[in-house]
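Structural overview for review
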Amino acid sequence: YREGKQWYQRRVRADDQDTEEELCVRWHQLATFYPFAKRFPSTNKKFSEASTARIQEAVKMRYKMLPTLYTLFYCAHTRGVPVVSPIFFDYLEDETALSVQTQFMLGSGIMVAPVLKPGVSQHQVYFPKDLWYDYLSPNNIIDGNREHGYANQSVSIDQQTYYIRGGNIIVSHHTTYSNTRETNEKGDYVLDVYLSNAGRAFGELYTDNGESLDTISHDLFLYVKFNASMEHLRSEVTLRFPGHDNTNRIQEINIRGLTNHTGSVKVNNSPDNWTNFTFQDGVLCVKSLALPIVEAFMISFT
């Protein structure tokens, strides 16, 4: 990952003799975050039901992350930024980051720190000077501004180890289907907001019909920006063209990093409070929104 890549890939193999089940699971979990993931299955080797289920979960996670991956390719095409890169790309003054070779950034918001050895329950992860959120553990927040460096992280074979940089909004699919086309057409969206120490976050979404060529030059796409603070989350539909009619909706929003208890949520300045939300362990979860992605919205919370 030292150069920064758009179409980086590693083959995920399942060789008959040399593959350990646990490592094969780990390789599939890692491939979730590759720009281009290709699996070469074995025709003879059979894995246990537990390992097969874990591999299936890794594939589902990749389908769930398709909006983020697709948007990163849009950014690579229009801005020349890499889809995956070494972490020192984002931390040029951090000399230690220069030597980290077992972690990488997906875009500028997701740090992937894969487990690469069998039998690991404690995993050393390098955290640069930033606020980091464990994607799978709401209570695990690492403030690299105070104590950056290597830290032990508890892991299990069921966990994919990646962390979200504070200040980012990650867009994923609410529901996944058996193929990418159906997932993109029917998947709806979830917004995961990770506030920075300053209480801000930004995200974006690019989408098209997934089939046409030259969608950008022919204006066949949708581009949406998201901005969040300690009190609001807004969307701005900056580019919407008649040639691409996205009918998906935002069904759920999760906001992490809020410092005050949230007891009231309003959607689009409605006089009535939104009732389908929870606030637990510093995470605000707003559900059943059904907000059209093609329309700007504002959600306020106090």
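Here, the structure is the one placed above.
Residues numbered from 1 in each chain as written. Predicted model: local features only at pLDDT ≥ 70, side-chain atom pairs only at ≥ 80, totals over all residues. Heavy atoms only, no water.

The next subject is the overall build of the chain. When helices and strands are counted, the chain shows 5 helices and 21 strands. Residues classed as buried in the chain amount to 49% of the 302 residues present. Nonlocal contacts in the chain, meaning residues at least 24 apart in sequence, comprise 67% of its contacts between residues at least 6 apart. By element, 46% of the accessible surface of the chain is carried by carbon and sulfur atoms, the whole surface being about 15300 Å². (Helix = DSSP H or I, 4+ residues; strand = E, 2+ residues; numbered from the N terminus. Buried < 20%, exposed > 50% of the residue type's maximum accessible area, 1.4 Å probe, protein only. Contact = heavy atoms within 4.5 Å. Areas by Shrake-Rupley, 256 points an atom, 1.4 Å probe, with all protein chains shown as cover.)

For the rest of this paragraph, the subject is the pattern of salt bridges. Where charged atoms from two side chains of opposite charge approach closely, those side chains can pair. Under the defined criterion, the tally for this structure stands at 7 salt bridges. Across the salt bridge formed by Lys60 and Glu57, the nearest N and O atoms sit 3.6 Å from each other. Remark: Glu57 and Lys60 occur in helix 2 (residues 49-64); sequence separation between them is 3 residues, near one turn of the helix. Under the relative-accessibility criterion, Glu57 is labelled partly exposed at 47%. For Arg165, the salt bridge identified is with Asp130, shortest N-O distance 2.9 Å. With Arg165 in strand 10 (residues 162-165) and Asp130 in the loop between strand 6 (122-127) and strand 7 (131-134), this pair connects stretches of sequence that are 35 residues apart. Take Arg165 and Asp130: they sit in the same class, and that class is buried. Each member of the salt-bridge network shares a partner with another, and the members are Asp90, Asp130 and Arg165. (Salt bridge = Lys/Arg side-chain N within 4 Å of Asp/Glu carboxyl O.)

Our next topic: the side chain of Asp94. Tracing the chain through its elements places Asp94 in the loop between strand 3 (84-85) and strand 4 (104-106). Lacking a salt bridge, the buried Asp94 has Lys129 as its closest oppositely charged neighbour, with an N-O distance of 7.5 Å. For Asp94, the side chain forms a polar contact with the main-chain nitrogen of Ala97, separated by 3.2 Å. Apart from the residues within four sequence positions on either side, Asp94 is in contact with Tyr126, Pro128 and His148. (Lys, Arg positive; Asp, Glu negative; His and termini not counted. Polar contact = N/O pair within 3.5 Å; in protein donor to acceptor, adjacent residues only side chain to side chain.)

One can describe the packing of helix 1 (residues 21-31) onto helix 2 by two numbers: an axis separation of 8 Å at closest approach and a directional angle of 10°. Overall, the two elements helix 1 and helix 2 adopt an arrangement that is roughly parallel. Residues Glu21, Cys24, Val25, His28, Gln29 and Ala31 of helix 1 form the contact with helix 2, whose participating residues are Ser51, Arg54, Ile55, Ala58 and Arg62. Grouping the amino acids of the contact of helix 1 with helix 2 by side-chain chemistry returns 5 nonpolar, 3 polar and 3 charged. (Axes fitted to C-alpha atoms, helices over the stretch in contact; angles between N-to-C directions. Parallel < 35°, antiparallel > 145°, perpendicular 65-115°, else oblique. Nonpolar A, V, L, I, M, F, W, Y, C, P; charged D, E, K, R; others polar.)

Okay, helix 2 next. Counted at 1.5 Å a residue, the expected span for helix 2 with its 16 residues is 22 Å, and the 22 Å between its end C-alpha atoms agrees. Burial in helix 2 covers these residues: Ser51, Ile55, Ala58, Met61 and Arg62. Mapping the buried residues of helix 2 onto a view down its axis gives an arc of 115°, with all of them on the same face. Buried residues in helix 2 make contact with helix 1, helix 3 (66-79) and strand 10. (Expected span 1.5 Å × (residues − 1). Arc of directions from axis to C-beta.)

What follows deals with the packing of helix 2 against helix 3. Direction vectors running N to C along helix 2 and helix 3 enclose 50°, while the axes themselves pass 5 Å from each other. In terms of their interaxial angle, helix 2 and helix 3 are classed as oblique. Where helix 2 abuts helix 3, its residues Arg62, Tyr63 and Lys64 lie against Leu66, Pro67 and Leu69. For the contact of helix 2 with helix 3, the per-class residue count stands at 4 nonpolar, no polar and 2 charged.

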